[in-house]
Amino acid sequence: MAYWLFKSEPDTWSWDQQVAKGAAGEEWTGVRNYQARNNMRAMKLGDRGFFYHSNIGKEIVGIVEVSAECHPDSSTDDPRWECVDIRAVQPLPRAITLEEAKAEPRLAEMALVKNTRLSVQPVSEAEWAVICELAGL
DNA sequence: GCCAACGTTGGC
DNA sequence: GCCAACGTTGGC
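Residues numbered from 1 in each chain as written. Chains lettered and ligands numbered in written order. Predicted model: local features only at pLDDT ≥ 70, side-chain atom pairs only at ≥ 80, totals over all residues. Heavy atoms only, no water.

(A) Representation of helix 2 (residues 34-41) in the model. Among the residues of helix 2, Ala36, Arg37, Asn39 and Met40 are the ones counted as buried. Along the long axis of helix 2, the arc covered by the buried residues comes to 155°, so they all point the same way. As for helix 2, its buried residues are in contact with strand 1 (3-8), strand 4 (59-72), strand 5 (82-97) and strand 6 (120-123). N-capping of helix 2 is provided by Asn33, with a side-chain oxygen placed 3.0 Å from the backbone N of Gln35. (Buried < 20%, exposed > 50% of the residue type's maximum accessible area, 1.4 Å probe, protein only. Helix = DSSP H or I, 4+ residues; strand = E, 2+ residues; numbered from the N terminus. Arc of directions from axis to C-beta. Contact = heavy atoms within 4.5 Å. Polar contact = N/O pair within 3.5 Å; in protein donor to acceptor, adjacent residues only side chain to side chain.)

Take a look at the structure:
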């Protein structure tokens, strides 16, 4: 299983809205960046991801899982853009802020820290474990 | 609200 | 195919 990180501005789509969708999950629409799209293409059903609030909060707030593999993005007619569906699994007992991630040497190579603008990122197994540990899971 | 980083577009 | 101009993202 692979691990990922999904960024969203809570003004646009928040963790609470994601949770409200329940087990049905929701399309992760609106990605217009090839790197991010390619990451979604690589996702498999059941892969896990962190849900990150950008701009407001700037923290990892929960865990999601891929509930449908990559398919055309229904928010556009442009065939270049595809997306997966994700559903909320559980909130983190303690949110991990960007500040904390930056201060943690074991996360120095994380895309969240090094490539701030990428909206859908891969997370290594080691990074996943460190964040779970910090979050109290 | 500013601006740095970075991706995309389009002229040549 | 290069690169300048431009637009967008996201931290601060």
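We are not done yet, so read on.
(B) Highlighting the protein's contact with DNA strand B. Lining the immediate surroundings of DNA strand B are Asn33, Tyr34, Gln35 and Arg117. Near the protein, meaning within 4 Å, the atoms of DNA strand B are sugar or phosphate in a fraction of 62%, with bases accounting for the rest. At 2.4 Å from a base oxygen of DNA strand B is found a side-chain nitrogen or oxygen belonging to Arg117. Grouping the constituent residues of the surface near DNA strand B by class yields 1 nonpolar, 2 polar and 1 charged. (Near = heavy atom within 4 Å. Nonpolar A, V, L, I, M, F, W, Y, C, P; charged D, E, K, R; others polar.)

(C) Inspection of the nonpolar core at higher detail. One finds Leu5, Phe50, Ile60 and Met110 to be the most contacted residues of the largest nonpolar core, which totals 20 residues. Elements with a contribution of two residues or more to this core: strand 1, strand 3 (48-53), strand 4, strand 5, helix 3 (98-103), helix 4 (111-114) and helix 5 (125-135). If you tally residues by element for this core, the top one is helix 5, at 5 residues. Not counting chain neighbours up to four residues away, the residues in contact with Ile60 comprise Leu5, Phe50, Phe51, Tyr52, Leu92, Ala95, Ile96, Leu112 and Ile131. Core analysis: the next-biggest nonpolar cluster, separate from the first, contains 18 residues, Phe6, Trp13, Trp15 and Leu118 among them. (Core = buried A, V, L, I, M, F, W, Y, C linked by side-chain atoms within 4.5 Å.)

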